[in-house]
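# Chain and residue survey
Letter by letter, the chains look like this.
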Amino acid sequence: MLMKRNDFARLLLNPFSRLAGWPALLSGLCVMVLTAVVGYYAGALSDGVLDVHFVDDPADLTWRKALLFPLVSQACLVFVCALLSLIFTRNFRLLDLAGTLTFARVPFLLSMLAGLAVSLPSMADIAADPFVLFRNFGFVLFLIVNVIVVIWVVVWMVYAVRVSCDLKSGKLAMVLILSIVVGEVLAKYLLLKI
Amino acid sequence: MEIFFIVMLPVYCPSCHAQLHVRKMQCEQCGTEVSGNYELPELALLSPDEQLFVLQFVKNSGSLKEMAALRRLSYPTVRNMLNEIILKLNAYETK
């Protein structure tokens, strides 16, 4: 029983010792679509490599945006990460990298679910008193969940690159940090064009 | 409850951690002893788990996919384990 619990804890930290390739990619994509659907109803959008936020005007949030933006962001991250990994190693499969990095976004579903509990005050109320947001229980809960989820996603991204490309320490840190920064910039640029 | 003790071939000196050599071998049937100074094979220098990995890998015709299924691990995890073993064996060769 203790062993099983340890195994489960290890899998929560690094699911990619067991999961990679097509199963990771397909399940990651399914959860991404589910996350987008929940986000649509919560009025939140994931339009970058690592960010989830509420849209200013819920009327601006279309199904096209909700579904396409996370996919474009994810594609940018995988593309940049694969290119950077090629500097250090050729001994990896793109399918593993794409699958594990896509599955690493699964915890964002929790952020979107927490977003369902938020009823945002109007922009006029926020402009009059910005602290009104911090007196909103749903919003504070969303913030706390979001911070935990972002840390969780980064940890999974670290293991995704580590397992898929067999990179460690300095090389791993360099590839991941640059992938997140360049991937985010590329994603924002492409999303502005869409 | 039965407790099994696995007798492992010692490959490093417990005192100074240098690699051990074989000095004496004995025929279990007639008791003949052969002495000399024989190096251990490189595979014997790997840990028991790594030796088991190599054995399973050969038995599975060198298929990482089958190794992944056998060990219930992902394909890249198994490939990384193999990379580690290759690195170790290369290091033994250059010593």
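Residues numbered from 1 in each chain as written. Chains lettered and ligands numbered in written order. Predicted model: local features only at pLDDT ≥ 70, side-chain atom pairs only at ≥ 80, totals over all residues.

## Side note on the overall build of chain B
Put simply, the rule reads: A run of H or I in DSSP becomes a helix once it reaches four residues, and a run of E becomes a strand once it reaches two; helices and strands are each numbered from the N terminus. Radius of gyration: over C-alpha atoms. The globule rule applied is 2.2 Å multiplied by the number of residues raised to the 0.38 power. Here the C-beta atoms are placed from the backbone, and a residue counts as buried if at least 20 other C-beta atoms lie within 10 Å of its own, exposed if 12 or fewer do, and partly exposed otherwise. Residues are scored as being in contact if the C-beta atoms we place from backbone atoms lie within 7 Å.
Broken down by element type, chain B carries three helices and two strands. The linear arrangement of helices and strands in chain B, starting from the amino end, is β-β-α-α-α. In summary, chain B has a C-alpha radius of gyration of 17 Å against a globular reference of 12 Å for 95 residues, an excess of more than 25%. Its C-alpha atoms give chain B principal-axis dimensions of roughly 45 × 40 × 25 Å. By residue count, 12% of the 95 residues in chain B fall in the buried class. Across chain B, every contact between residues at least 6 apart in sequence was considered, and the portion connecting residues at least 24 apart equals 28%.

## A few points about the environment of Leu120(A)
Residues and elements named next belong to chain A. Here leucine 120 is to be found in the loop between α5 (108-115) and α6 (123-128). Given 20 C-beta atoms within a 10 Å radius, leucine 120 is considered buried. Along the sequence, leucine 120 and phenylalanine 139 sit 19 residues apart, while their C-alpha atoms lie 7.4 Å from each other. Those residues in contact with leucine 120 that lie beyond four places of it in its chain are Phe54 and Phe139.

## Section: helix α2 (residues 21-42) of chain A
Residues separated by three or four positions in an α-helix point in the same direction, a consequence of the helix having 3.6 residues per turn. Worth spelling out the cut-off: A helix is expected to span 1.5 Å multiplied by its residue count minus one. As used here, the arc is the angular range of directions from the helix axis to the C-beta atoms.
Helix length check: α2(A), at 22 residues, gives a terminal C-alpha distance of 31 Å against a target of 32 Å (1.5 Å per residue), a fit within 8%. Every buried residue of α2(A) is accounted for by Gly21(A), Ala24(A), Leu25(A), Gly28(A), Met32(A), Thr35(A), Ala36(A), Val38(A), Gly39(A) and Ala42(A). Within α2(A), the buried residues cover an arc of 170° as seen down the axis, which keeps them to one side. In α2(A), the exposed positions angled more than 90 degrees off the buried face are occupied by Trp22(A) and Cys30(A). Where α2(A) is buried, its residues touch β1 (44-45), α3 (63-88), α4 (94-103) and α5 of chain A together with α3 (75-94) of chain B. Looking at the residues trailing α2(A), positive phi occurs at Gly43(A), about 75°.

## Side note on the interface of chain B and chain A
The line we're drawing: The nonpolar class holds Ala, Val, Leu, Ile, Met, Phe, Trp, Tyr, Cys and Pro. Asp, Glu, Lys and Arg form the charged class, and all remaining residues, Gly among them, are polar.
Each partner contributes residues to the interface: chain B has eight residues there, and chain A has ten residues. Along the lines of polarity and charge, the residues of the side of chain B that touches chain A split into three nonpolar, four polar and one charged.

## So, the nonpolar core
Note the threshold: Buried Ala, Val, Leu, Ile, Met, Phe, Trp, Tyr and Cys residues form a nonpolar core when they are connected through C-beta atoms within 7 Å.
Grouped together as the largest cluster of nonpolar side chains are 48 residues, with contacts concentrated most on Cys81(A), Leu101(A), Met157(A), Ala160(A) and Val161(A). Setting aside chain neighbours within four positions, we find Ala160(A) in contact with Phe16(A), Thr100(A), Leu101(A) and Ala104(A).

## Structural notes on the packing of α2(A) against α3(A)
Residues and elements named next belong to chain A. Stated formally: Axis definition: a line fitted to C-alpha atoms, limited for helices to the stretch in contact. Angles are taken between N-to-C directions and run from 0 to 180 degrees. Should an angle lie under 35 degrees it is considered roughly parallel, over 145 roughly antiparallel, and from 65 to 115 roughly perpendicular; all remaining angles are considered oblique. The crossing is said to be left-handed when, going from far helix to near helix, the turn is anticlockwise and less than a right angle, and right-handed when the turn is clockwise.
Contact pair α2 / α3: the axes reach a minimum separation of 9 Å and the direction vectors enclose 140°. In this view, α2 runs oblique relative to α3, as classed from their interaxial angle. With respect to the hand of their crossing, α2 and α3 are arranged in right-handed fashion. Between α2 and α3, the residues in contact are Met32, Val33, Ala36, Gly39 and Tyr40 and Trp63, Ala66, Leu67, Pro70 and Leu71, respectively. The residue inventory of the contact of α2 with α3, partitioned by class, reads nine nonpolar, one polar and no charged.

## Re the pairing of strand β1 (residues 21-26) of chain B
Residue and element names in this part refer to chain B. Threshold: Strand pairing requires that DSSP identify at least two bridges connecting the strands.
In terms of residue burial, β1 counts as a barely covered element, since only zero of its six residues are buried. The sheet contact formed by β1 and strand β2 (residues 33-39) spans five bridges and is antiparallel. Bridge assignment links methionine 25 to a residue of β2, and that residue is valine 34.

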